[in-house]
Amino acid sequence: MDVTVLGPVSAQEQGRSVLPTAGKPRQLLALLALRADHLVTVGTLMREVWGARPPRSASTTLQTYVLQVRRLLAGADADADRAKEILQTRPGGYRLVLPAGRVDAFEFERLAGAGRRALNAGDDRTAADLLGRALDLWQGPALMDVSLGEILELEALSLEESRTSVLESRIDADLRLGRHSQLIPELRVLAARDPMNESVHRQLMLAFYRSGNAWRALEAYHALRRTLRGELGLEPSGSMRRLQHAVLTDAPELSDVRASWSVALPAAA
């Protein structure tokens, strides 16, 4: 079975959809997929579907939801026994087994991990490719068409945070490859969406500076500073102030895409 959760949720077996149309069975399948090949306890499934106070009939109803998913699997395979092999009943809970299947979230993490290792090893071209392929798996917000209980809500948040981290790493790889001008439109959109994100503003400042627009780099810094002071009463971090000082003094380290400006440059006066 192939499952997607990075956007609209889908589940296919032998090319046929096995995604329940009802909300709670869909929740159940999404959680089992995100914990594929691991036991998910009955208590965990109940907490996801009904919260802290499940109804008295919850155990029986949960079994009904499992049967609904198995019927969909059996309909796709014309094999009830195989459906039980895929969605297994185990002491205390259930396990979704995907020996030849794929969950896009797992593929995302695999590509992201390989991309980060390449970035740390200095192989920026490979890193940019792998991290970009990881991001291409996303088709919208995680689990966007599933009702989220407390467990899936945390899973979705974790996935979104990972997506943001991977995007920032991919942009760092592109900056190190000298793709400054190409990055500016993307970074301006990201900065507008998240006006207090220092990492994005750091990248935008570097892209502007290395494209010959030092004044725009300073403009980006001051936009961040205004937002932080207005919203939180805070100044930008020391690393951002060092970057501003580097732009003002035209520090040579800024032109070296391999240099670590946050360590090498002096603090602002």
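Residues numbered from 1 in each chain as written. Predicted model: local features only at pLDDT ≥ 70, side-chain atom pairs only at ≥ 80, totals over all residues. Heavy atoms only, no water.

Chemist: Hey, could you go over the packing of helix 1 (residues 23-34) against helix 7 (residues 150-176) for me, with residue numbers and the actual values?
Modeler: The relative placement of two packed helices comes down to the angle between their axes together with the axis-to-axis distance. Running from N to C, helix 1 and helix 7 point in directions that differ by 50 degrees, and their axes come no closer than 11 Å. Taken together, the axis directions place helix 1 and helix 7 in an arrangement best described as oblique. The two elements helix 1 and helix 7 cross, and the hand of that crossing is left-handed. Seen from helix 1, the contacting residues are Q27, A30, L31 and L34; seen from helix 7, they are I151, L152, E155 and L159. (Axes fitted to C-alpha atoms, helices over the stretch in contact; angles between N-to-C directions. Helix = DSSP H or I, 4+ residues; strand = E, 2+ residues; numbered from the N terminus. Parallel < 35°, antiparallel > 145°, perpendicular 65-115°, else oblique. Left-handed = near helix turned anticlockwise from the far one by under 90°. Contact = heavy atoms within 4.5 Å.)

Chemist: Describe the nonpolar core, listing the residues and the values that go with them.
Modeler: Counting 86 residues, the largest nonpolar core has M1 and L96 as the members making the most contacts within it. Ranked by residues supplied to this core, first place goes to helix 7 with nine residues. (Core = buried A, V, L, I, M, F, W, Y, C linked by side-chain atoms within 4.5 Å. Buried < 20%, exposed > 50% of the residue type's maximum accessible area, 1.4 Å probe, protein only.)

Chemist: Hey, could you go over the sheet that holds strand 5 (residues 87-90) for me, with residue numbers and the actual values?
Modeler: The strand order across the open sheet formed by three strands is 4-6-5, and the pairing between neighbours is antiparallel. A strand with exactly one partner marks an edge of an open sheet, and here the two such strands are strand 4 (40-41) and strand 5. (Pairing = 2+ DSSP bridges.)

Chemist: I'd like to hear about the packing of aromatic side chains, residue by residue, with values.
Modeler: Two aromatic rings are characterised by how far apart their centres lie and by the angle between their planes. Summed over the entire model, instances satisfying the criterion amount to two aromatic pairs. Consider the rings of F108 and W138, whose centres lie 5.6 Å apart with planes at 85 degrees: the pair is edge-to-face. One end of the pair, F108, is in helix 5 (residues 104-120); the other, W138, is in the loop between helix 6 (124-136) and helix 7, and 30 residues separate them in sequence. For F108, a relative accessible area of 0% translates into the label buried. (Phe/Tyr/Trp six-rings, centres within 6.5 Å; stacked < 30°, edge-to-face > 60°.)

Chemist: Account for the sheet that holds strand 7 (residues 102-103), with residues named and values stated.
Modeler: If you trace the four strands from one edge of the open sheet to the other, you get 3-2-1-7, paired in mixed fashion. Of all strands in the sheet, those with a lone pairing partner are strand 3 (16-17) and strand 7, marking the two edges. Where strand 1 (residues 2-4) lies against strand 7, two bridges are found, and the strand directions are parallel. Each residue of the ladder has a partner; that of D2, found in strand 7, is R102.

Interpretation note: all reported values are geometric properties and have no functional meaning in isolation.
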